[in-house]
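# Structural description and commentary
Below, each chain spelled out in residue letters.
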Amino acid sequence: MENFEDDDLEWHKVPVKIDESRNYVKALHVAGKKLCLIKEGDVLSVTSSRCPHAGADLTKGWCEEGKLVCPFHRHRFNLESGKGDEPQHNFIRIYPLKKEDGDFYVGIKKSLWNKIFG
């Protein structure tokens, strides 16, 4: 997972209710981005939604052993670090997620424009 200073992030409220009772992989639209929301066991994760290998939609994938599996070529990505399995030499972005007062928020890195003028 990338380490961000809190000043580098803008926190965006997740616009849908997150189901914490079951496992799933689904699309999440936040701040004009399509992300991938994953619930596996006790862990909620938010990742980028496109596979860096061939651009497949990871929201159509599934989880195995703490890894998100691409539905197209079966590339596997660690849900904590975003790193692909050894021979892949690729990664997906992991977005920080926090819960405050019953609502979830996704941390998205500020654009250069927002850092300068925000």
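In this report, the structure presented in the accompanying data block is examined. The structure presented is a predicted model; accordingly, all values stated were derived computationally and were not measured.

The 3 strands are arranged 5-6-7 in an open sheet whose pairing can be described as antiparallel. Unpaired on one side and paired on the other, strand 5 (62-64) and strand 7 (76-78) mark the two borders of the sheet. Strand-to-strand twist in this sheet, taken as the mean axis angle between neighbours without regard to direction, amounts to 35°. Pairing of strand 6 (residues 67-69) with strand 7 involves 3 bridges; the strand directions are antiparallel. Along strand 7, the bridge assignment pairs Lys 67 with Asn 78.

On to the pairing of strand 4 (residues 43-48), then. Burial analysis of strand 4 places 5 of its 6 residues in the buried class, which makes it a mostly covered element. With 6 bridges joining them, strand 3 (residues 33-40) and strand 4 adopt antiparallel strand pairing. Within the sheet, the bridge partner assigned to Lys 39 lies in strand 4 and is Leu 44. From the end of strand 3 to the start of strand 4, which pair antiparallel, there are 2 residues, and Gly 41 there has a positive phi angle of about 65°.

Across all of its chains, the model carries 9 salt bridges by this definition. Between Lys 34 and Asp 57 there is a salt bridge, and its shortest N-O distance comes to 2.8 Å. Here Lys 34 is found in strand 3, whereas its partner Asp 57 is found in the loop between strand 4 and strand 5, with 23 residues between them in sequence. The exposure class of Lys 34 is partly exposed, given its relative accessible area of 32%. Looking at Asp 57, the relative accessible area reads 14%, which means it is buried. Between Lys 98 and Glu 100 there is a salt bridge; the shortest N-O distance is 3.3 Å. You can call Lys 98 partly exposed: its relative accessible area is 26%. In the salt-bridge network here, residues are joined through shared partners; they are Glu 64, Glu 65, Lys 67, Arg 76 and Asp 85.

Before going further, it helps to spend a moment on the packing of aromatic side chains. For the coordinates displayed, the defined rule picks out 0 aromatic pairs. Positioned over the ring face of Tyr 24 is Lys 26, at 4.8 Å from the centre of the ring.

Basis of the calculations
- Residues numbered from 1 in each chain as written.
- Predicted model: local features only at pLDDT ≥ 70, side-chain atom pairs only at ≥ 80, totals over all residues.
- Heavy atoms only, no water.
- Pairing = 2+ DSSP bridges.
- Helix = DSSP H or I, 4+ residues; strand = E, 2+ residues; numbered from the N terminus.
- Axes fitted to C-alpha atoms, helices over the stretch in contact; angles between N-to-C directions.
- Buried < 20%, exposed > 50% of the residue type's maximum accessible area, 1.4 Å probe, protein only.
- Salt bridge = Lys/Arg side-chain N within 4 Å of Asp/Glu carboxyl O.
- Phe/Tyr/Trp six-rings, centres within 6.5 Å; stacked < 30°, edge-to-face > 60°.
- Lys NZ or Arg CZ within 6 Å of the ring centre and 35° of its normal.

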